[in-house]
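# Topology and contacts: notes
Each chain, written out:
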Amino acid sequence: MTSQTTPILQIQHISKSFGKTEVIRDLSFDVAAGEFLTILGASGCGKTTLLRLVCGLEEADAGAIVLDGKDVTCADPNHRAVNTVFQNYALFPHMTVYDNVAYALKIARRPKAEIKEKVAEALSLVQMNGYEKRYPSELSGGQKQRVAIARAVIARPKILLLDEPLGALDLNLRHAMQIELKNLQKTLGITFLYITHDQEEALNMSDRVAVMHAGGFLQLGTPSEIYDSPQNAYVARFVGEANVLACTYERGDKESACVRFADRSLTVRSGGHTPAAGEAVLAAVRGEKIRVSAAETDGIPATVTSLNFAGGVMRVTVDVSGTPITAMRYGLDQTISVGQQVWLEIPELAGILIEN
């Protein structure tokens, strides 16, 4: 990611409602030139509306959108140096791959030789050389997505907007396309504003991630910041499904804290919080950091309630005095069974204090 004094995109106190429903509420953030920023959120959080505001398909009720130093809040879509890749590809079915990719340059009346050169370059970037004469109906889902991306980048927009572009692909192809998209973004140096509900996509591909909920950002930071240091319970649970433990604060400082949970003392990161002694607090702990022992230890006693094995990882869900906790174990461990008593060990600083 490159840096510059003035961001390539500035969203300034944007609001948008449909009737009495507020979809975007007083939202502000900047995007640096060459950055891969992902807006991550569940359906209905406002992320697609935000994308439509940036590209000009929706009009903001309040606030400003500044693109490369120019206020484009009221500008028509064709007067904004952005292009969009949609989940449904939006290819012209009656046009060949060549004509789909060349469309924007033909509308701009560029010379035929230039169009031919740029189409070849764009198709090469997405590994679709040799498909120029095919129609969309003759392509697989992954091939259609590549053509849609080639069409979007051929005019080198300042920002490429991607609205859940991999959502219609199968799992293996989606993983492969994540790598290809990130490599393409680095090669082109174009700013990507990416929309998804898939936390894995967000964490794997992005320079920064904004977790969106109810029309606003709950946290904006690097993937490691979002995953390792969630600021609130929603982010902790939505990204990586962390365990959120109700604890009692005992003592600490801005770096670390001692809290009480299930009659055990835990040392966690403070996350900048310094509550009063005896105050009720929440601590987030990732399941992969919790150790489960079938042999008795001085850890937290628990009862196994379910075991789920998937992708080489076993999810062990236990009950601790009415609180469900999930831990991750690698491999199929047959020494643990449902109903069995186990002991949980939470290493020092494995958790972090969060807001509700």
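Here, every reference points to the structure presented above.
Here's what I pulled together on the structure shown here. In every chain, residue numbers begin from 1 and rise along the written sequence. The predicted origin of the model limits local features to residues at a pLDDT of at least 70 and limits the giving and counting of side-chain atom pairs to 80 or more, whereas totals for whole chains, interfaces and linings rest on all residues. Hydrogens are left out, water is left out, and the side-chain values use all remaining heavy atoms of the structure.

## Brief notes about the sheet that holds strand β15 (residues 291–293)
Here we have five strands laid out as an open sheet, ordered β15-β19-β16-β17-β18, and antiparallel in their pairing. Whereas interior strands pair on both sides, the edge strands pair on one side only; in this sheet they are β15 and β18 (323–330). Between one strand and the next, the sheet's axes are offset by a mean angle of 45°, whatever the strand orientation. If DSSP finds at least two bridges between two strands, the strands pair. Runs of H or I in DSSP of at least four residues are treated as helices and runs of E of at least two as strands, each being numbered from the N terminus. Where strand β17 (residues 313–320) and β18 come together, eight bridges link them in antiparallel fashion. For Met314, the partnering residue across the bridge sits in β18 and is Arg329. For helices, the fitted line uses only the C-alpha atoms of the stretch in contact; every axis is such a line through C-alpha atoms, and the angle between N-to-C directions lies from 0 to 180 degrees.

## Examining the pattern of salt bridges
The salt bridge criterion pairs a side-chain nitrogen of Lys or Arg with a carboxyl oxygen of Asp or Glu, the two atoms within 4 Å. Enumeration according to the criterion identifies 15 salt bridges in this entry. A salt bridge links Asp207 to Lys182; the nearest nitrogen and oxygen atoms lie 3.5 Å apart. Of the two residues, Asp207 is situated in the loop between α6 (199–205) and β9 (208–213) and Lys182 in helix α5 (residues 171–188); the sequence distance between them amounts to 25 residues. Relative accessibility under 20% of the residue-type maximum defines a buried residue, over 50% an exposed one, and the middle range a partly exposed one, all with a 1.4 Å probe and only protein chains included. You can call Lys182 buried: its relative accessible area is 13%. Through salt bridges that share partners, Glu250, Arg251, Arg260 and Asp263 make up one connected network.

## Some points on the state of the cysteines
Cysteine sulfur atoms that come within 2.5 Å of each other are treated as a disulfide pair. Within the structure shown, the criterion is met by zero disulfides. The thiol sulfur of Cys74 is not disulfide-bonded, and the nearest other cysteine sulfur, from Cys55, lies at 15 Å. On the basis of relative accessible area, Cys74 is assigned to the exposed category, the value being 71%. Lacking any disulfide linkage, Cys258 is separated from the closest cysteine sulfur, that of Cys247, by 10 Å.

## A few points about the pairing of strand β3 (residues 36–40)
Among the five residues in β3, five count as buried, and that is most of the element. Taking every second residue as pointing to the same face, both faces of β3 are buried, with Phe36, Thr38 and Leu40 on one and Leu37 and Ile39 on the other. In the sheet, β3 pairs with strand β8 (residues 191–196) via five bridges, with the strands oriented parallel. Note that in β8 the partner of Leu37 across the bridge is Leu193.

## A few points about the sheet that holds strand β5 (residues 70–71)
Ordered in space as β2-β1-β4-β5, the four strands form an open sheet in which the pairing is antiparallel. At either end of the open sheet lies a strand with only one pairing partner, and these are β2 (21–31) and β5.

## Thoughts on unusual backbone geometry
Positive phi is not limited to glycine here, since Tyr89 has a value of about 75°. Along the chain, the position of Tyr89 falls in the loop between β6 (82–86) and α2 (97–107). A relative accessible area of 11% places Tyr89 in the buried class. In the Ramachandran plot, Asp263 falls in the positive-phi region, its phi being about 60° despite a non-glycine side chain.

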